[in-house]
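# Inside the fold
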Protein chains: 2
Amino acid sequence: MHEFDLIARLKPLLPSNDFVVAGAGDDCAVLDLGDLGHHTLLKTDAVVEGIHFTRDADPERVGHKAIARCLSDVAAMAGQPIAAVVTLALPPGHDAGWCEALYRGLCRTAARHQVAIVGGETTTNPDRVLVNVAMVGRVPRGRAIRRSGARIGDALFVSGELGGSIAGRHLEFEPRLAEARWLASSVDVHAMIDVSDGLAGDLRHLLAASGGLGAEIRAVSLPISRTARERERTGDLAKPALLAALTDGEDFELLFAVAPSDAVRVLDGWKTMFPEVRLSCIGRITADPAVILCANTGIKPMPRGGYEHFHGTP
Amino acid sequence: MHEFDLIARLKPLLPSNDFVVAGAGDDCAVLDLGDLGHHTLLKTDAVVEGIHFTRDADPERVGHKAIARCLSDVAAMAGQPIAAVVTLALPPGHDAGWCEALYRGLCRTAARHQVAIVGGETTTNPDRVLVNVAMVGRVPRGRAIRRSGARIGDALFVSGELGGSIAGRHLEFEPRLAEARWLASSVDVHAMIDVSDGLAGDLRHLLAASGGLGAEIRAVSLPISRTARERERTGDLAKPALLAALTDGEDFELLFAVAPSDAVRVLDGWKTMFPEVRLSCIGRITADPAVILCANTGIKPMPRGGYEHFHGTP
């Protein structure tokens, strides 16, 4: 069973209460804990050896990745991260120096974003290392940017570059916290999500959350990473770079929708504020629920499943 | 390297900020997120197949245990649990019915304590199931009960019965939330901890956090569970029941210290409020940092490490 099918089956079971502003189904949960100025964000996420990092990966970079994934989710709500707790599940007798290095990387990234680490549980996972980070953040009341607010005609933007993250960037990416908070303070962002499963997949999540809208994406506007292009040229197993940009995952960039009348303001302001981070207008939201990829060679549907369906039909 | 040694090495690395009221080292972290009436509690905890439950355990009870462990930590701060997020790490192709049953158990316990489940991540752990629960709660400002406030002469109490939890109770225990909140509202509780590693170990945590105090425990007052006694009588591998009560772990009872002048009020009030839950006064806090076990047969030190050192020398 696919992860998303399982989540869909489980979601109706989940109890709620009066503290919940937004439950499961967005980048973070949103809670009202009584602060008159803010809502509270809550997120949990894990990285697993052999899945999200290899055994020989630099532990400092693994620690960075473990917390930066949560930070990226807080960014996607335009939030401010505040504090995190860590569960470190280890094989018995695991090297203490490795654990310290992991914590050094994790704490350095936390400190850079003024996040406190307020608890560090350790437990046993006999076969491999697993690191879970749970984070609280905050956002001005009612100003969390959800996945669900995209409107027909909205311009779609994506930050940074996409594809080929597996070559190293997945251990080094910087969560787009400053960019997201600038966006939220500068323009009415209708919907936002962080690109963790690949643009094709996460765009679909945003469209589904926004009531089943569709999108037209211009292939020529997609910010394909240099790494993805190089991997296409040199790698034996590499996907075409366009496919990599759509489906590789672990980009941790921001995908967001604004009214078309705000598009130029977003591009100009971003260029001034973040001259070193690319921002691309990649297409627009449509009423037709299909997701269409418009290329020089013609128009074709962007498959629902991303990678699985697209692979082999470049 | 022992879990607690690793934590001690890592603790100085952890960044803090102005939101932190109490960081790592208590049952929950305490944060000030701006609610004028409350502080926020944050906790994370994991259960792992083969460590905290067996592969053939009833998944509903595993789900109960996964969240009840966090609830017990919120109870130990005299807090109110509010919301939780779940990380479910599964081998590929794991039975979806099993996952649903786990969530049913988890959600039923959450709902019974008015806790919302506001996110459910799934990820891959190839060899075994791991369930991490992260929880936020709240407590009236400045009223979180820490481990660190025990004073010389305080009376020590423990709820329920101890030992033999492995026979089944570890999957069924009810976190002492109502009891803890009643205590906090009725008397000045100086220090409290939940007994998860065994009374001998957790008492030592409370004493260390309180500035290196000691304790005298009366063996005859320890609430040894019927299960621990039966296991001693019938089991091949069982420990003596007294040793089991001191070191088995996973009791999830409350251990707390109050002024001796409050002791009778606590016992009387508890009996009225919670007639079905035993409460035992097991000893007192001393200035001498040793932890002493007083039995009919004489006095002996309670070893620091609990189980490891005590085993074989009943």
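Quick caveat, the model's predicted, so the values are computed rather than measured.

Calculation criteria
- Residues numbered from 1 in each chain as written.
- Chains lettered and ligands numbered in written order.
- Predicted model: local features only at pLDDT ≥ 70, side-chain atom pairs only at ≥ 80, totals over all residues.
- Helix = DSSP H or I, 4+ residues; strand = E, 2+ residues; numbered from the N terminus.
- Rg over C-alpha atoms; globule rule 2.2 N^0.38 Å.
- Buried ≥ 20, exposed ≤ 12 C-beta atoms within 10 Å, placed from the backbone.
- Contact = placed C-beta atoms within 7 Å.
- Pairing = 2+ DSSP bridges.
- Axes fitted to C-alpha atoms, helices over the stretch in contact; angles between N-to-C directions.
- Domains from an automatic or database assignment.
- Nonpolar A, V, L, I, M, F, W, Y, C, P; charged D, E, K, R; others polar.
- Parallel < 35°, antiparallel > 145°, perpendicular 65-115°, else oblique.
- Left-handed = near helix turned anticlockwise from the far one by under 90°.
- Core = buried A, V, L, I, M, F, W, Y, C linked by C-beta atoms within 7 Å.
- Arc of directions from axis to C-beta.
- Least-squares fit on C-alpha atoms with pLDDT ≥ 70 in both.
- Right-handed = clockwise from strand over helix to strand, strands pointing away.

### Description of the overall build of chain A
If you tally the helices and strands in chain A, you get nine helices and 13 strands. Scaling as 2.2 N^0.38, a compact globule of 314 residues should have a C-alpha radius of gyration of about 20 Å, and chain A matches this with 19 Å. Referenced to the eigenvectors of the C-alpha coordinate spread, the extents of chain A come out at roughly 55 × 55 × 45 Å. Buried residues in chain A amount to 53% of all 314 residues. Pairs at least 24 residues apart make up 82% of the contacts formed inside chain A by residues separated by at least 6 positions.

### Digging into the sheet that holds strand E6 (residues 130-140) of chain B
Residue and element names in this part refer to chain B. Read from one edge of the open sheet, six strands run E1-E2-E3-E6-E4-E5, paired in mixed fashion. The sheet terminates laterally at strand E1 (20-22) and strand E5 (116-124), the two strands that pair on one side only. Mean inter-strand twist for the sheet, computed between neighbouring axes without regard to direction, equals 25°. Bridge analysis of strand E3 (residues 38-48) against E6 gives 11 bridges, and the strand direction is antiparallel. Residue pairing across strands places Asp45 opposite Val133, the latter belonging to E6. Packing of helix H3 (residues 96-112) onto the sheet brings it into contact with strand E4 (80-90), E5 and E6, and relative to E4 it is tilted by some 170°.

### Side note on the domain arrangement of chain A
Residue and element names in this part refer to chain A. By the assigned domains, chain A splits into domain 1 (3-140) and domain 2 (155-310). Of the residues lining the interface, 18 residues belong to domain 1; the matching set on domain 2 comes to 17 residues. Considering each element in turn, the side of domain 1 that touches domain 2 owes the most residues, 11 residues, to helix H2 (residues 59-76). Of the residues assigned to the side of domain 1 that touches domain 2, the class counts are 10 nonpolar, four polar and four charged.

### Description of the interface of chain A and chain B
Listed as interface residues are 63 residues of chain A and, on the opposing side, 63 residues of chain B. Top element by residues in the side of chain A that touches chain B is strand E5 (residues 116-124) of chain A. It accounts for nine residues. For the side of chain A that touches chain B, the residue count by class is 35 nonpolar, 18 polar and 10 charged.

### Section: the packing of H2(A) against helix H3 (residues 96-112) of chain A
Residue and element names in this part refer to chain A. With their axes 7 Å apart at the nearest point, H2 and H3 run at an angle of 45° to one another. In terms of orientation, H2 lies oblique with respect to H3. When you trace H2 past H3, the crossing you get is right-handed. Between H2 and H3, the contacting residues are Pro59, Glu60, Arg61, Val62, Gly63, His64, Ala66, Ile67 and Ala68 on the first element and Trp98, Ala101, Leu102, Tyr103, Arg104, Gly105, Leu106, Thr109 and Ala110 on the second. Class assignment of the residues belonging to the contact of H2 with H3 gives a composition of 11 nonpolar, four polar and three charged.

### With respect to the nonpolar core
Among the nonpolar cores identified, the biggest contains 204 residues, and Ala84(A) and Ala84(B) are the most heavily contacted of them. When sequence neighbours within four positions are dropped, the list of residues in contact with Ala84(A) reads Ile67(A), Cys70(A), Ala110(A), Val115(A), Ile117(A), Val133(A), Ala134(A) and Met135(A).

### Comments concerning helix H4 (residues 177-186) of chain B
Residues and elements named next belong to chain B. Inspection of H4 places Leu177, Glu179, Ala180, Leu183 and Ala184 among the buried residues, and these make up the whole buried set. Down the axis of H4, the buried set is contained in an arc of 165°. They therefore lie on one face. Those residues of H4 hidden inside the fold are in contact with helix H2 (59-76), E4, strand E7 (155-159), strand E8 (189-195) and strand E10 (253-258).

### Concerning the relation of the copies chain A and chain B
Between the two copies of the chain lies a relationship made up of a rotation around an axis and a movement along it. If you rotate chain A by 180° and push it 0.0 Å along the axis, it lands on chain B with an RMSD of 0.0 Å. Taken together, the turn and the small shift mark the pair as related by a two-fold rotation axis. Of every C-alpha in chain A, the one belonging to Asp35(A) sits nearest the axis of rotation, 2.1 Å from it. Both copies share a contact surface, since 100% of the interface residues of chain A are interface residues in chain B too.

### A look at the pairing of strand E6 (residues 130-140) of chain A
Walk down a regular strand and you will see the side chains alternate between the two sheet faces. Residues and elements named next belong to chain A. Extensive coverage of E6 is indicated by the burial of 10 of its 11 residues. Sheet topology note: the strand E4 (residues 80-90)/E6 ladder contains nine bridges and is antiparallel. Along E6, the bridge assignment pairs Leu88 with Val131.

### Section: unusual backbone geometry
Phi at Phe252(A) is positive, roughly 55°, even though this residue is not glycine. Considering the arrangement of structural elements, one finds Phe252(A) in the loop between helix H7 (241-247) and strand E10 (253-258). Phe252(A) sits in the buried class, given 25 other C-beta atoms within 10 Å. Positive phi values are uncommon outside glycine, yet Glu250(B) reaches one of about 60°.

### Re the sheet that holds strand E11 (residues 279-286) of chain A
Residue and element names in this part refer to chain A. The strand order across the open sheet built from seven strands is E8-E10-E7-E11-E9-E12-E13, with neighbouring strands paired in mixed fashion. At either margin of the open sheet sits one strand with a lone partner, and together these are strand E8 (189-195) and strand E13 (298-301). Neighbour to neighbour, the strand axes of the sheet diverge by 25° on average, direction disregarded. Relative to E13, strand E12 (residues 291-295) is paired through four bridges, and the arrangement is antiparallel.

### Some remarks on the environment of Val266(B)
Residues and elements named next belong to chain B. With respect to the helices, strands and loops of the structure, Val266 is situated in helix H8 (residues 263-273). In sequence terms Val266 and Cys99 are 167 residues apart; their C-alpha atoms lie 42 Å from each other. Sequence-distant contacts of Val266, defined by excluding residues within four places in its chain, comprise Phe157, Val187 and Val258.

### Regarding the pairing of E5(A)
Residue and element names in this part refer to chain A. Here E4 runs beside E5; their pairing, made up of eight bridges, is parallel. Residue pairing for E5: Val86 is matched across the bridge by Gly120. Each parallel crossover has a hand, and for E4 linked through H3 to E5 it is right-handed.

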